[in-house]
Amino acid sequence: VSGKGILYPKQSETRETMSLDGLWNFLVSPITDPLVGFRETWYRDDLVNINSDTQLMPVPSSYNDITEDGHLRDHVGLVWYDRTFFVPSSWGIDKRVWLRFSSVSYAAQVWINGDLVMNHEIGHLPFQKEVTSLLNYGGVNRVTVACDNTLLQDTVPQGIVSEADTDRGKKLVQSYTFDFFNYGGIHRPVTLYTTPIDYLDDITVHTDIEGGTGIIKCDLTFVTEVQNSTTCVLKLLDNEGYEVAYGVCNDSNYSTSVELTVPGARLWWPYLMNPRPGYLYTLQVELKSAEGDTLDVYRLPVGIRTLKWTNSSFFINNRPVYLHGFGRHEDSDIRGKGLDLPLVMKDYNLIKWIGANAYRTSHYPYADEIMDLADQMGIMIIDECPSVDTDAFSFLLLEKHKDSLTELIRRDKNRPSVIAWSIANEPRTQTQAADEYFGAVARHVRNLDRSRPITMSIARWVEEDRAGKHVDIISFNRYNAWYQNTGKLDMITNKVIAEARSWHAKYNKPVLMSEYGADTQEGLHLQPGYVWSEEFQVELMSRHFKAFDALRKEGWFIGEFIWNFADFKTAQVYTRVGGNKKGIFTRNRQPKAAAHHLRKRYWALSQELH
Ligand code: GCB
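Residues numbered from 1 in each chain as written. Predicted model: local features only at pLDDT ≥ 70, side-chain atom pairs only at ≥ 80, totals over all residues. Heavy atoms only, no water.

On to the overall build of the chain. The helix and strand tally for the chain stands at 10 helices and 32 strands. Taken over the C-alpha trace, the chain has a radius of gyration of 25 Å; the compact-globule value for 610 residues is 25 Å, and the two agree within 12%. Overall, the C-alpha framework of the chain stretches about 70 × 70 × 45 Å when taken along its three principal axes. The buried share of the chain, reckoned over its 610 residues, is 60%. Here the analysis covers contacts within the chain between residues at least 6 apart in sequence; of these, 72% occur between residues at least 24 apart. Counting only carbon and sulfur atoms, one obtains 50% of the accessible surface of the chain, whose full area is about 23300 Å². Positive and negative side-chain charges of the chain, numbering 65 and 77 respectively, have mean locations separated by a distance of 6 Å. (Helix = DSSP H or I, 4+ residues; strand = E, 2+ residues; numbered from the N terminus. Rg over C-alpha atoms; globule rule 2.2 N^0.38 Å. Buried < 20%, exposed > 50% of the residue type's maximum accessible area, 1.4 Å probe, protein only. Contact = heavy atoms within 4.5 Å. Areas by Shrake-Rupley, 256 points an atom, 1.4 Å probe, with all protein chains shown as cover. Lys, Arg positive; Asp, Glu negative; His and termini not counted. Charge placed at Lys NZ, Arg CZ, Asp CG, Glu CD.)

The next thing to look at is the pattern of salt bridges. Per the stated rule, a full pass over the model turns up 43 salt bridges. Residues D435 and K469 are paired through a salt bridge, measuring 2.7 Å at the closest nitrogen-oxygen approach. Pair noted here: D435 is in helix 7 (residues 432-448) and K469 is in the loop between strand 29 (454-458) and strand 30 (473-477), with a separation of 34 residues, a long-range link. When its relative accessible area of 12% is taken as the criterion, D435 is described as buried. A relative accessible area of 43% places K469 in the partly exposed class. What you see here is one network of salt bridges that share partners, running through D372, D375, R411, D412 and R415. (Salt bridge = Lys/Arg side-chain N within 4 Å of Asp/Glu carboxyl O.)

Before going further, it helps to spend a moment on helix 4 (residues 341-354). Each α-helix winds once per 3.6 residues, and so residues spaced three or four apart point in a common direction. With 14 residues, helix 4 should cover 20 Å at 1.5 Å per step; its first-to-last C-alpha distance of 20 Å lies within 8% of that length. Residues of helix 4 that are buried include every one of L343, V344, D347, Y348, L350, I351 and I354, and no others. An end-on view of helix 4 places all buried positions within 160 degrees of arc, on one side of the element. Residues of helix 4 that are exposed and point over 90 degrees away from its buried face: L341 and P342. (Expected span 1.5 Å × (residues − 1). Arc of directions from axis to C-beta.)

Our next topic: the packing of helix 4 against helix 10 (residues 593-609). Helix 10 packs onto helix 4 with a crossing angle of 60 degrees between their chain directions and a minimal axis gap of 8 Å. Judged by the angle between their axes, helix 4 and helix 10 are oblique. Across the interface between the two elements, K352, W353 and I354 of helix 4 pack against A595, H596, L598, R599, Y602 and W603 of helix 10. (Axes fitted to C-alpha atoms, helices over the stretch in contact; angles between N-to-C directions. Parallel < 35°, antiparallel > 145°, perpendicular 65-115°, else oblique.)

A cluster of nonpolar residues, L524, L526 and Y530, forms a patch on the protein surface that exposes about 260 Å² of accessible area. Residue placement: L526 occurs in the loop between strand 31 (511-515) and helix 9 (534-552). On the basis of relative accessible area, L526 is assigned to the partly exposed category, the value being 31%. (Patch = residues over 30% accessible without salt bridge, like charges linked within 9 Å, V, L, I, M, F, W, Y side chains within 5 Å.)

Of all hydrophobic cores here, the largest spans 95 residues; its most connected members are Y348, I423, F438 and L598. Not counting residues up to four positions away in its chain, the partners in contact with F438 are T390, F393, H401, I423, A424, P427, M456, A467 and H470. Residues I216, Y281, Y298 and I316 belong to the second largest nonpolar core, which totals 47 residues. (Core = buried A, V, L, I, M, F, W, Y, C linked by side-chain atoms within 4.5 Å.)

Once that is clear, we can look at the site of the ligand. The local shell around the ligand holds 13 residues, among which D179, H363, E426, Y483 and K582 are the closest. At 2.7 Å from an oxygen atom of the ligand is found a side-chain nitrogen or oxygen belonging to H363. In the environment of the ligand, an oxygen atom lies 2.9 Å from a nitrogen or oxygen atom belonging to the side chain of N425. A breakdown of the residues in the shell around the ligand according to their chemical character gives 4 nonpolar, 4 polar and 5 charged. (Near = heavy atom within 4 Å. Polar contact = N/O pair within 3.5 Å; in protein donor to acceptor, adjacent residues only side chain to side chain. Nonpolar A, V, L, I, M, F, W, Y, C, P; charged D, E, K, R; others polar.)

The next thing to look at is the sheet that holds strand 17 (residues 231-237). Here we have 4 strands laid out as an open sheet, ordered 18-17-20-21, and antiparallel in their pairing. Here the strands that pair on one side only, and so sit at the sheet edges, are strand 18 (243-250) and strand 21 (294-302). Neighbour-to-neighbour, the strand axes of this sheet turn through a mean angle of 15 degrees, independent of strand direction. Here strand 17 runs beside strand 18; their pairing, made up of 7 bridges, is antiparallel. Bridging from a neighbouring strand, L234 pairs with G247 of strand 18. (Pairing = 2+ DSSP bridges.)

Hydrogen bonds between backbone atoms are what pair the strands of a sheet, whose relative direction is either parallel or antiparallel. Spatially, 3-2-4-10-7-8 is the arrangement adopted by the 6 strands of the open sheet, whose pairing is antiparallel. Of all strands in the sheet, those with a lone pairing partner are strand 3 (55-59) and strand 8 (115-121), marking the two edges. Across the sheet, the axes of successive neighbouring strands diverge by a mean angle of 30 degrees, strand direction being ignored. In this sheet, strand 10 (residues 139-148) lies alongside strand 4 (residues 78-87) in antiparallel orientation, the contact comprising 10 bridges.

Turning our eyes to something else, we now look at the packing of aromatic side chains. Across all of its chains, the model carries 37 aromatic pairs by this definition. Aromatic pair F26 and Y63: ring centres 5.4 Å apart, planes at 40 degrees, arrangement tilted. With F26 in strand 2 (residues 22-28) and Y63 in the loop between strand 3 and helix 3 (70-73), this residue pair connects regions lying 37 residues apart in the sequence. For the pair F26 and Y63, a shared accessibility class is recorded, and that class is buried. Measuring from ring centre to ring centre gives 5.0 Å for F26 and Y81, while their planes differ by 75 degrees; the resulting arrangement is edge-to-face. Highlighted residues: F26 in strand 2 and Y81 in strand 4, separated in sequence by 55 residues. (Phe/Tyr/Trp six-rings, centres within 6.5 Å; stacked < 30°, edge-to-face > 60°.)

This next bit is on the confidence of the model for the chain. Per-residue confidence for the chain gives a mean pLDDT of 96; residues scoring 70 or more make up 100%. Reported for the predicted complex are a pTM of 0.98 and an ipTM of 0.99. (pLDDT = per-residue confidence, 0-100.)

Following this line, the structure appears as structure tokens:
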């Protein structure tokens, strides 16, 4: 069984979880014989027995920055991970056991005790498989992962691999045009968990408001041994655990639907739009047998809110919203893109401190744990799939691009924080091929979810763009006084106003500036503002604020996202000093002058607006 849903593994009366995070064994495939691990079936033994170069590697983490080996940092191709673990005997009785990876970048192949379990391609997204029949219960087991970071013309995102002559001989080198380091490894938690034999596979909720009453439409799918034999009992609990709504529905062909009504519903509001942002109910779903026995229980947080959009505005709970936030990255020193809860919490504390109400998950889906906090704190998310700088539009690429959105929507469809899907960042949208390609991608997303608008961050010029017509909100990225007219601070305000106006004039849709900014070396002071100095970054922001204030009066400009929340690592290029330094915070999450400047604006904006 592999199920259709990807519900986050949670403990309940009927479910157990076991974390497989920790130090795994790690072996790099030799560049001279990259496929040796497959040929010699490395998954049939412990890596430590196979090769004395096996070392320890933390999971979750990127492997690139953990060692002192520059070759590993820049490695292209396969690396192998394994570890052993015990499974209790009790798990072998009347249960299904599942193995879930929250993300491996970029592609993964997984074995349990030498048997192939699954393959997955595309980083930043979870995958899982039932492994019940492969485990030793009451005994030791081994999980092996082959992980490949290679990016090609038909991967999402795209890259190019070529052969280079080095002092060590011929070697593969990876190039890519996107502007963040191509970290690899097991980036997010690995979990073994149980479900009952008859279990809830997926839950989909859609919420609405009628007067003061909240409506929650719940679609449930489950797997049971006997069709039409089960009942689902749903209870909605408020945040103190009191039951506020109840519903029952019967199995009809392994799925069922029910509508819950919540009189006097507490709505999910964004941060700073309400004194109690991020209000979540708990939807408790219980699967019961014909005899009335509880088969399975799962609890899902639910926020009741509506989204609406027109050709000029974006509304949450029927109130117009102005988005003020950032583009971000999952990135930090040492761990790269590995999930790190202290870092995640620190980032949210900084987001609250600075008064942002939104961000875009540039340029790929972020960890479940990061999204959970956005739901809880009321931070609005533009949820981006991993397509960056898309070019050379092929059929295969389109299929994978669609898959990435299918998997993203399947994972995040129930999240109140997700207010829009971003289907790409800075694709080459000037061609007929791009027009058709993004038409197909947008249709695909609308077939999966009509409750949220679609956007795309465009960097082509207004006149040449051919893809904007396919989205609901136009997001544009532009680096006035940085990539264009470098250093000319007096060439920002009018240009931003003029460009935003022409986007709106061309497509008659709401417009958001999804990137602007300047690289800034913290502590570098040059007055009057000169590129790379703190003074320059602050002044560049002020000139943009002036444009945004003028645009806000025109009624269709719906938000500003500075690039970037924090400095982050990139590929080695001579335009980047230790990485991209457009952060408001340093990579270590300390404020530059820009952070204080932005804080003043965002708090003033939220006071003025709400
Ligand atoms: C962009 C990209 C972003 C880069 C940024 C920059 O337009 O969307 O990924 O990091 O510019 O700083 O160049």
